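As a plain string of letters, each chain reads:
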Amino acid sequence: MAVGMSPPPSGRLPSTASPFDQSGGASIAGTPLSDLGVAFALPANVLQILQSINAEQVTINTTPTGIQLGLNGQPLPSLAYNGESLGRALGLAQPFVAGTPLESTLADLGPQLEGADIGVAVSFTSEPVGGITASRCCCNCRPTAA
């Protein structure tokens, strides 16, 4: 872990649904993430795409070397990365997200992905689908969240 960085919380957070409002803003247990200091929103076109494919839940699981995605309980293709490829990908994505809510999200979270071990399940039906787990490791091992 870089000097001056604090580790994210480790462990399992309460199971909650994460509905999105029409502008793409997310909330947990009825509290907008923006009220919690988290700058995260999905663009309206992404919400429309998710609705058009009947997405009920999306899962995102990071490991120190990649991201596994899932839709409605089915795995999607995964992405593998290292620090160099992650930096290049973030640079390529920047022009596409400039001026959108995802710009600050990628700027904040992107550099922290390498070495992260985070699991997120998001419900688009307001039904609880699980929890969020997070841990951060300062070496090349695979940490285990409680």
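These lines cover the structure that appears in this document, whether it is placed above or below. Note that the structure is predicted; figures quoted are calculated from it, not measured.

About the thresholds
- Residues numbered from 1 in each chain as written.
- Predicted model: local features only at pLDDT ≥ 70, side-chain atom pairs only at ≥ 80, totals over all residues.
- Heavy atoms only, no water.
- Helix = DSSP H or I, 4+ residues; strand = E, 2+ residues; numbered from the N terminus.
- Buried < 20%, exposed > 50% of the residue type's maximum accessible area, 1.4 Å probe, protein only.
- Axes fitted to C-alpha atoms, helices over the stretch in contact; angles between N-to-C directions.
- Parallel < 35°, antiparallel > 145°, perpendicular 65-115°, else oblique.
- Left-handed = near helix turned anticlockwise from the far one by under 90°.
- Contact = heavy atoms within 4.5 Å.
- Pairing = 2+ DSSP bridges.

1. Some words on the environment of Ser104
Following the sequence through the fold, Ser104 ends up in helix 3 (residues 101-109). For Ser104, a relative accessible area of 31% puts it in the partly exposed group. Residues Ser104 and Gln94 lie 10 residues apart in sequence; the distance between their C-alpha atoms is 9.9 Å.

2. Details of the packing of helix 2 (residues 83-97) against helix 3
Contact pair helix 2 / helix 3: the axes reach a minimum separation of 9 Å and the direction vectors enclose 160°. Our classification of the angle between helix 2 and helix 3 gives roughly antiparallel. With respect to the hand of their crossing, helix 2 and helix 3 are arranged in left-handed fashion. Of helix 3, the residues touching helix 2 (which contributes Leu90, Ala93, Gln94 and Val97) are Leu102, Glu103 and Leu106.

3. Focus: the pairing of strand 5 (residues 66-71)
If a strand is regular, its side chains alternate between the two faces of the sheet. The sheet contact formed by strand 4 (residues 57-63) and strand 5 spans six bridges and is antiparallel. Directly across from Thr62, in strand 5, lies its bridge partner Ile67. Examined bridge by bridge, strand 5 and strand 6 (residues 74-75) share two bridges and lie antiparallel to one another. In the sheet register, Gly70 faces strand 6, and the bridge partner there is Pro75. Where strand 5 folds back on strand 6, the antiparallel hairpin that results is connected by two residues, among which Asn72 adopts a positive phi of roughly 55°.

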